[in-house]
Structures are given as structure tokens and as C-alpha cells.
Amino acid sequence: EGGKPASNVGYVKNGCWAKHKFFCRETGVYSLNINFTGIYDGGQIQIVVTDQATGKGEADNIATVSKENGPQDFMIEGVLTKGKKDIQLNFISNTGGFLFNYKEPVVTKVGEKFAKISSLTFEDGTPVAMEGYDWNFNLPLEYSKETMTVKVDHICGTVAASMEGGTVTDNGDGTFTIPTPARSAEAVVKFVITPEEGAISNKTEYLMRVYHIGDI
């Protein structure tokens, strides 16, 4: 934990990665401070934390780098246990040029527990990526059920859901039921997690879009 920034790391491009060592002195939630000494294209960083003794992954999340030189803080989305860790930074960009230069990251404890919605699943479909939404489902033309039920996995908080033009039913078991949108129509559901006492979060609102494919 802590430490002085080291020498400059440069020539970072899409597909490159770097691994940094960190000794976690106490269990908790940590942030990663990176001092960028030259921003060219920004991009994203996938932060993967693995315990050296057990090989168990303790965090895996993607953070966006703003196009500004200087220190930037990124939340490590998970609870790190005591012990030696590997922090691997995977660099992601749609461009082929240099992204940035940076100094050795500094890790700082910011809390005890981390609240988040970790996953959302729908037994009748698989989400496909769509910009602006955390989950996007395309229901086939032949989908005939009047409702659809999704399972929301979360930690260290309570979840509520709402949608415009319809009612979301909280089934009390971690699942939520919504009316199936008409063909060629969509429904957008907002899930909000309220962290429990002592927990922190860097994201409390999540969006799910459901589109029901209609006749062509």
C-alpha cells in the first residue's frame, strides 16, 4: 500500500499489458491512482487483481482514461484480502497508436465493502452489447410470454427497479418481472443499488434494454 511513484512507463498501445506487485496489508476496498505523464489517445484499462498465494481473482473491471495529463483515480471493484497481489493492467483502444505514458500506480484503501450489481441473467436470452446500456436483450419474433423475468446478482446493498410505461415486480428472491414489450417495441428498465452501511460504490444505476423483434 502506498509507495512512491516509480519511473515512467511508455509506449502503451492497444493489446499491451503491464503487471504490478502490491502487498495488501488489510482487507478492504482500494482505489488505483495512476499519474499519466502523456495522454495521446486515452482508451481504457482493464484492472485485474489476483492473489499470488491462491491464484484467485479478486477484482476484474474496466476503467476509462480521460484525456488529461496528471493523476487519475480508478476504483478496484472488489474486496481485496490481506497478502501479496498481482495487479495486471490490460490496455484497450480502437486505435493503433500510442495511448499514454504513466508512472507506477499507487494503491490506497478507501473502504471496507464494495456494493455493486455483479450480473443480470435472463433464462430465455443472452445479452448482446449495445452502447448506453449495461445489458441489452433482443427477444425473437416468436417470443409469446406476457412477461419476462430476470435474475439480478448483487452484493452489499439492496436493489430496486423501475421502468417508464410499465410496472416492475420485485419477486423478493433476487428476480424481477416486467411486461414483455410489444413487437417492434422496446422497454428500458433502471436498476438502482443502495449500498448497505459501510459499503461504497462507484456506480449505483444500471440500465437494461429489451427489444422485441417484429415483422420485417
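Here's what I pulled together on the structure shown here.

Procedures and definitions
- Residues numbered from 1 in each chain as written.
- Predicted model: local features only at pLDDT ≥ 70, side-chain atom pairs only at ≥ 80, totals over all residues.
- Heavy atoms only, no water.
- Pairing = 2+ DSSP bridges.
- Helix = DSSP H or I, 4+ residues; strand = E, 2+ residues; numbered from the N terminus.
- Core = buried A, V, L, I, M, F, W, Y, C linked by side-chain atoms within 4.5 Å.
- Buried < 20%, exposed > 50% of the residue type's maximum accessible area, 1.4 Å probe, protein only.
- Contact = heavy atoms within 4.5 Å.
- Axes fitted to C-alpha atoms, helices over the stretch in contact; angles between N-to-C directions.
- Phe/Tyr/Trp six-rings, centres within 6.5 Å; stacked < 30°, edge-to-face > 60°.

### Points about the sheet that holds strand S14 (residues 169–170)
Here's step 1: Ordered in space as S10-S12-S15-S14, the four strands form an open sheet in which the pairing is antiparallel. The open sheet has two edge strands, strand S10 (116–121) and S14, and neither has a second partner.

### Some remarks on the nonpolar core
One recurring pattern in soluble globular proteins: nonpolar side chains tend to sit buried together.
Here's step 1: Ile47 and Phe100 are the most contacted members of the largest nonpolar core, which has 25 residues in total.
Here's step 2: The set of elements that each furnish at least two residues to this core consists of strand S1 (17–24), strand S2 (29–39), strand S3 (44–51), strand S4 (57–64), strand S6 (83–92) and strand S7 (100–102).
Here's step 3: Sort the elements by how many residues they give to this core and S2 lands first, with five residues.
Here's step 4: The contact partners of Phe100, leaving out residues within four places of it in the chain, are Val9, Tyr11, Val12, Phe36, Gly38, Ile39, Tyr40, Gly42, Ile45, Val65 and Phe91.
Here's step 5: One finds Val150, Val159, Phe176 and Ala199 within the second-largest nonpolar core, a separate group that totals 24 residues.

### Considerations on the sheet that holds S3
Here's step 1: Reading across the sheet, the four strands line up as S1-S6-S3-S4 and stay open at both edges, with antiparallel pairing between neighbours. Looking at which strands have only one partner, the edges of the open sheet turn out to be S1 and S4. Taken over all neighbouring pairs, the strand axes of this sheet differ in orientation by 20° on average, direction set aside.
Here's step 2: Relative to S4, S3 runs antiparallel, the two sharing seven bridges. Across the sheet, Val49 pairs through a bridge with Ala59, a residue of S4.

### Quick look at the packing of aromatic side chains
Here's step 1: In this structure the tally under the stated criterion is 11 aromatic pairs.
Here's step 2: With 5.0 Å between their ring centres and 75° between their planes, Phe36 and Phe100 make a pair best called edge-to-face. You can see Phe36 sitting in strand S2 and its partner Phe100 sitting in strand S7, a full 64 residues away along the chain.
Here's step 3: Judged by relative accessible area, which is 2%, Phe36 ranks as buried.
Here's step 4: For Phe100, a relative accessible area of 0% gives the class buried.
Here's step 5: Geometrically, the ring pair formed by Phe91 and Phe100 is edge-to-face, given 5.6 Å between the ring centres and 80° between the ring planes.
Here's step 6: These aromatic residues form a ring-pair network of at least three members: Phe36, Phe74, Phe91, Phe100 and Tyr102.

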